[in-house]
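Okay, here's what each chain looks like letter by letter:
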Amino acid sequence: LAGCCRIKFKIINSEEKQIINSKYGTPTVAKEGAKFVVIDLELTNTTDTPFNFSNSDGFAIFDDKERLFAEYEYVIGSVDNYLAQRTLSPDITERGVFVYEIPQDAKSYSLTIGKAGTNEAYEVLLK
């Protein structure tokens, strides 16, 4: 997990949506019984070299029912300014969004970030 050893992050906002859409894409509707959580955040590469950031790099949603959710797979074309799959240059802050699809019955949830090379994780309560 890349998480906190190579990346500094700051959550700007998070919101729940039933439909996500980009300026030029087709709207995407959450599955029945589900909702999207859209997280607006800033990421900064804290290393001395470019870092290839992908959606498998240690960010996930953990809800009040102890379920873990990875990023929504079909987000390309559904949102503007998607953060994953970018190359982060050293010391330059990038702002964008992550999207997760979680069940409607999740009353509270946290963004969970794994720390590279360890079994440690950090949680940021979103709701």
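I will try to describe carefully the structure that is included in this document. (Residues numbered from 1 in each chain as written. Predicted model: local features only at pLDDT ≥ 70, side-chain atom pairs only at ≥ 80, totals over all residues. Heavy atoms only, no water.)

1. A few points about the nonpolar core
Reasoning step 1: If you look at the biggest cluster of nonpolar residues, it comprises 20 residues, and the most contacted ones within it are Leu43, Phe59 and Ile61.
Reasoning step 2: Listed by contribution, the elements that provide at least two residues to this core are β4 (34-45), β5 (51-53), β6 (59-63), β9 (93-103) and β10 (109-114).
Reasoning step 3: The element contributing the most residues to this core is β4, with four residues.
Reasoning step 4: When near neighbours in sequence (up to four residues on either side) are disregarded, Ile61 contacts Val37, Ile39, Arg67, Leu68, Phe69, Tyr100, Ile102, Tyr109, Ser110, Leu111 and Leu126.
Reasoning step 5: Formed by 12 residues, the second largest nonpolar core is a distinct cluster that contains Ile20, Ala30, Tyr72 and Val79. (Core = buried A, V, L, I, M, F, W, Y, C linked by side-chain atoms within 4.5 Å. Buried < 20%, exposed > 50% of the residue type's maximum accessible area, 1.4 Å probe, protein only. Helix = DSSP H or I, 4+ residues; strand = E, 2+ residues; numbered from the N terminus. Contact = heavy atoms within 4.5 Å.)

2. With respect to the pattern of salt bridges
Reasoning step 1: Applying the stated criterion across every chain, the model contains eight salt bridges.
Reasoning step 2: Across the pair Lys65 and Asp64 runs a salt bridge, and its minimum N-O distance is 3.7 Å.
Reasoning step 3: If you follow the salt bridges from partner to partner, you end up with Glu16, Lys35 and Lys127 in one network. (Salt bridge = Lys/Arg side-chain N within 4 Å of Asp/Glu carboxyl O.)

3. Focus on the environment of Pro90
Reasoning step 1: Mapping Pro90 onto the fold places it in the loop between β8 (86-88) and β9.
Reasoning step 2: Under the relative-accessibility criterion, Pro90 is labelled partly exposed at 26%.
Reasoning step 3: In this structure the C-alpha to C-alpha distance between Pro90 and Tyr122, which are 32 residues apart in sequence, comes to 22 Å.

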